Protein chains: 2
Amino acid sequence: MNEKVTADFLAHSASEVFLPVSNGYRILQHGYVAALAGRVQAVGEGDTAGNVSLLPHATVLDCTGKTITPGLVDAHTHPVFAGWRDDEFELRIQGAQYKDILASGGGIMSSVRKTRAASEDELLCNVLSFLDEMLSSGTTTIEAKSGYGLDLQSEIKSLNALKRAAESHPVEIVPTFLVHSVPTEYKGNRSEFINLVTDVMIPEVAHSRLAEFADVFCEDGVFSVEESRTILTCASSYGLKLKIHADELESTGGAELAAELGAVSADHLIRASDKGLSAMAARGVVAVLLPGTPFFLMSDERARARFMKEQGVTLAIATDFNPGTSPTTSLPLVISLACLRMGMTPGEALWSATKGGAMAIGRDHTVGALEPGMQCDLVVFDCPSHRHIAYRYGVHLVDQVVKRGKVVFRKTKGVTRQVR
Amino acid sequence: MNEKVTADFLAHSASEVFLPVSNGYRILQHGYVAALAGRVQAVGEGDTAGNVSLLPHATVLDCTGKTITPGLVDAHTHPVFAGWRDDEFELRIQGAQYKDILASGGGIMSSVRKTRAASEDELLCNVLSFLDEMLSSGTTTIEAKSGYGLDLQSEIKSLNALKRAAESHPVEIVPTFLVHSVPTEYKGNRSEFINLVTDVMIPEVAHSRLAEFADVFCEDGVFSVEESRTILTCASSYGLKLKIHADELESTGGAELAAELGAVSADHLIRASDKGLSAMAARGVVAVLLPGTPFFLMSDERARARFMKEQGVTLAIATDFNPGTSPTTSLPLVISLACLRMGMTPGEALWSATKGGAMAIGRDHTVGALEPGMQCDLVVFDCPSHRHIAYRYGVHLVDQVVKRGKVVFRKTKGVTRQVR
């Protein structure tokens, strides 16, 4: 018989507690999670009286009829930008092609112009509002990329906005320096821009400790595999961990490069080759799949999630939140899309939005699961089974969100029922 | 110069006010909506001081940076049921066919069994919780169908639950008696069930005034065009207005039947014939399109919205909320789907979820627009343009909802920002 654990936080009586483990998940019924000082102490089924000793003033959540999952981990977001691109969205519906939108000054360069023009405080304000949305959707940890600055000052400003946001918001941020595109002013001289990245920007970002990862948009017409290798090899030499935007639109060998360099993740992968995927599996590179993006781009293409899983690739799913190709902050909806468009089961999709996400950002020792010693980051969903998170597509089921043992979001009904 | 209007409600300074009109919409900038005793008195742009005289204790909403639309009208829902079918959802992802699910006792018959077994109070409780979800998504009026009872007592129980829900909840309900399927106990004797419908159920429903519309599931393997004609002709003779579930899975002539009988709407229409659609246009039958349903059924098919519009058919969009094929209550997400999967622009989709929805349920004289004299049902979305409602897919942008001039939903942020 175990000794009782001491706790200052207890969520109990949940219909289900969804517990990711290395290669799958367990479901506890009538389950509880107990924590002390922000760390999980115990999880279990049934009555807690014999197992948990509560401190005075402990936070106690009765989760009857509800489902507990680890806090969601969104492993791929671009939340530092100014200006929306809803006008382009309408043009695309009416048949405009991205290259036409780019040619008329829209697309990513519109975001770059507005982000460069914005103050750090404005960017901070935007990031905080997005973090509020994410938290209310159950996300407690995100990876967040710079990449709409494309010059030293604007990239540093973007990363500083992330740093300040992390200091004042419960959502935990893993910052990434993203080499997103060649800016307009270097269009005739790509190699000069790449030199700027490797000789000035990466050293400065690494020195200021503003990013933990480096990422590059490796794609036909953006950065070639060779250019991406140059940039990432440099970043690695400065101690940054690696990510790659790989094989989203064309199969260029991004997955292979991720494996070659030992990147922590390769992301998108809609057109990744069989060879690239098996190299990723062999090297332990996590695949971050972004099913919202082709959905929003009105493409029928999708990453081969089932095939990747069969090859032994670890799968994460994420929102790709950005103003051009995926303006959603809702990981629950992306869980639905992973099921409906990539054939993942609700449990697999949820695993990939928790444990898988944590692995994709090198945080699986602290978040993405609910094992004793890990951070007590969890979501109470107002539904009787984890399956509902995918099944009830578009419905906001998040009831409460807990970060490090503290309730940081609480849904209030807000509806006035009245006899008319 | 106009005289000032007197108002006890004013929403002002909105970035946009989206105003559906008969054949399209107008956008007011820096707009306001003024109402008295639940009815719109005036809409306009700019400063209200010269145009609106506020009563003491008037409700005043500052909508700076926000978008006002009419309350959303969900013209096709099935909210009276007990039990979920998330288990079937997981089976379908794994490749199960609906006929196999039916054969193993699942599918609609699982909902029928549980709905028959539920008390009226249980059904009422379920309906109220769905209405809460809908209201928090911006829906202020719904059409709601019975149809999981399939016997007199259970259908009356279902319609009574709707009646009681309407009496205690701000969401306005237009009730429909739906002949949904032949129940198991009549499988060998369809004509006896149809006689029961026409000789007992329709007279009782009409006599008790529990439904305003009758609807039938006209589809291969459910009710034939001939059976549907029999049922709907009978319903019409009792004064019920008509709707038809038409041509969802096969082109059976449901659209043609809707035109022949002068139905108010024909719904689904994924396989509707050109001839049926032009007959609908000629007769003024509204097409209710349900893009969530094929999305959730993992089908690439979709209704031909653009073609229908070119033919002169009036288009509504709706959730089809039900536990089997569309478990969402979110009309905003359906607006996104209408754009992404049927090529509607955000403005067209929003028109179809307001004015079009109201036309599909015969309520366009009171709801679905914001003209003087109409009910002051409106939504304040926390976004600068109506386009965001479609563009920011899956994000809960509803800030406040007003029904008959009263605030009935208010989003509270619920997020605790804190320095860690």
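We now turn to the structure provided with this report. (Residues numbered from 1 in each chain as written. Chains lettered and ligands numbered in written order. Predicted model: local features only at pLDDT ≥ 70, side-chain atom pairs only at ≥ 80, totals over all residues. Heavy atoms only, no water.)

Counting its regular elements, chain A contains 15 helices and 16 strands. In summary, chain A has a C-alpha radius of gyration of 21 Å against a globular reference of 22 Å for 420 residues, a match within 12%. Projecting the C-alpha coordinates of chain A onto the three principal axes gives extents of approximately 70 × 60 × 40 Å. Within chain A, contacts between residues at least 6 apart in sequence are counted, and of these 70% link residues at least 24 apart. Summing over all exposed atoms, chain A offers an accessible surface of approximately 14400 Å²; the carbon and sulfur share of this is 49%. (Helix = DSSP H or I, 4+ residues; strand = E, 2+ residues; numbered from the N terminus. Rg over C-alpha atoms; globule rule 2.2 N^0.38 Å. Contact = heavy atoms within 4.5 Å. Areas by Shrake-Rupley, 256 points an atom, 1.4 Å probe, with all protein chains shown as cover.)

Turning to the relation of the copies chain A and chain B, a few remarks are in order. Placing chain A over chain B gives an RMSD of 0.0 Å and needs a rotation angle of 180°, together with 0.0 Å of translation along the axis. Taken together, the rotation and translation relating the two chain copies correspond to the operation of a two-fold axis. Relative to the rotation axis, the C-alpha of Gly394 of chain A is the closest in chain A, positioned 2.8 Å from it. Comparing interface residues between copies, 100% of those in chain A also sit at the interface in chain B, which points to an isologous, same-surface contact. (Least-squares fit on C-alpha atoms with pLDDT ≥ 70 in both.)

A word on the sheet that holds strand E6 (residues 72-77) of chain B. Residue and element names in this part refer to chain B. An order of E6-E7-E8-E9-E10-E11-E12-E13 is seen for the eight strands of this open sheet, with the pairing classed as parallel. On the outer flanks of this sheet lie E6 and strand E13 (315-317), each paired with one strand and no other. Put simply, the sheet's adjacent strands are angled 25° from each other on average, direction ignored. Bridge count for strand E7 (residues 139-145) against strand E8 (residues 172-179) is five bridges, and the pairing is parallel. (Pairing = 2+ DSSP bridges. Axes fitted to C-alpha atoms, helices over the stretch in contact; angles between N-to-C directions.)

Time to look at the nonpolar core. Formed by 216 residues in total, the largest nonpolar core has its most connected members in Leu269, Leu289 and Ile317 of chain A together with Leu269, Leu289 and Ile317 of chain B. Ignoring anything within four residues of it in the chain, the contact list for Leu269 of chain B reads Ala246, Asp247, Glu248, Ala255, Met280, Ala287, Leu289, Ala303 and Met308 of chain B. (Core = buried A, V, L, I, M, F, W, Y, C linked by side-chain atoms within 4.5 Å. Buried < 20%, exposed > 50% of the residue type's maximum accessible area, 1.4 Å probe, protein only.)

The partner chain B presents 64 residues to the 64 residues of chain A that form the contact. Between chain A and chain B lies a buried interface of about 5700 Å² when both sides are counted; carbon and sulfur atoms form 57% of it. The interface formed by chain A and chain B holds four salt bridges in total. The shortest N-O distance in the salt bridge between Arg392 of chain A and Glu133 of chain B comes to 2.8 Å. Here chain A is connected to chain B by 19 residue pairs in polar contact (both at pLDDT 80 or more). Among the elements of the structure, helix H1 (86-93), helix H4 (120-136), helix H5 (152-168), helix H10 (292-296), helix H12 (331-342), helix H15 (387-391) and strand E16 (406-410) of chain A are those that each provide at least two residues to the side of chain A that touches chain B. Its residues assigned to classes, the side of chain A that touches chain B comprises 29 nonpolar, 19 polar and 16 charged. (Buried area = accessible area lost by both parts, 1.4 Å probe. Salt bridge = Lys/Arg side-chain N within 4 Å of Asp/Glu carboxyl O. Polar contact = N/O pair within 3.5 Å; in protein donor to acceptor, adjacent residues only side chain to side chain. Nonpolar A, V, L, I, M, F, W, Y, C, P; charged D, E, K, R; others polar.)

This next bit is on the packing of aromatic side chains. Using the criterion set out here, one finds 29 aromatic pairs over all chains in the structure. With a centroid separation of 5.6 Å and an interplanar angle of 75°, the aromatic rings of Trp84 of chain A and Phe130 of chain A are classed as edge-to-face. Of this pair, Trp84 of chain A sits in the loop between strand E6 (72-77) and H1 while Phe130 of chain A sits in helix H4, placing them 46 residues apart in sequence. On the basis of relative accessible area, Trp84 of chain A is assigned to the partly exposed category, the value being 21%. Plain terms: the ring middles of Phe295 of chain A and Phe295 of chain B are 5.7 Å apart, the flat faces sit at 40° to each other, and that makes the pair tilted. Of this pair, Phe295 of chain A sits in helix H10 while Phe295 of chain B sits in helix H10 (residues 292-296), which puts the two residues in different chains. Accessibility classification places Phe295 of chain A together with Phe295 of chain B in one group, the buried group. (Phe/Tyr/Trp six-rings, centres within 6.5 Å; stacked < 30°, edge-to-face > 60°.)

A regular strand places its side chains so that they alternate between the two faces of the sheet. Residue and element names in this part refer to chain A. For strand E10 (residues 241-246), the tally of buried residues reaches five of six residues, placing the bulk of the element in the interior. For strand E9 (residues 213-218) and E10, the ladder comprises six bridges, and the chain directions are parallel. Bridging from a neighbouring strand, Phe213 pairs with Lys241 of E10. The handedness of the E9 to E10 crossover, carried by helix H7 (residues 225-237), is right-handed. Of the strand pairs in this sheet, E10 and strand E11 (residues 265-268) are connected by four bridges, and their pairing is parallel. Among the inter-strand pairings, His245 is bridged to a residue of E11, identified as Asp267. Taking the sense of rotation as the criterion, the β-α-β connection linking E10, helix H8 (residues 254-261) and E11 turns out right-handed. (Right-handed = clockwise from strand over helix to strand, strands pointing away.)

A few words on the pairing of strand E15 (residues 398-403) of chain B. All names here are of chain B. For E15, the buried fraction is high: six of the six residues fall into the buried class. Relative to E15, strand E14 (residues 378-381) is paired through four bridges, and the arrangement is antiparallel. Among the inter-strand pairings, Val380 is bridged to a residue of E15, identified as Gln400. When E15 meets strand E16 (residues 406-410), the two strands line up antiparallel, connected through four bridges. Bridge assignment links Val401 to a residue of E16, and that residue is Phe409. Taking the residues that link successive antiparallel strands as the turn, the E15-E16 hairpin has two residues, and the phi of Arg404 there is positive, at about 50°.

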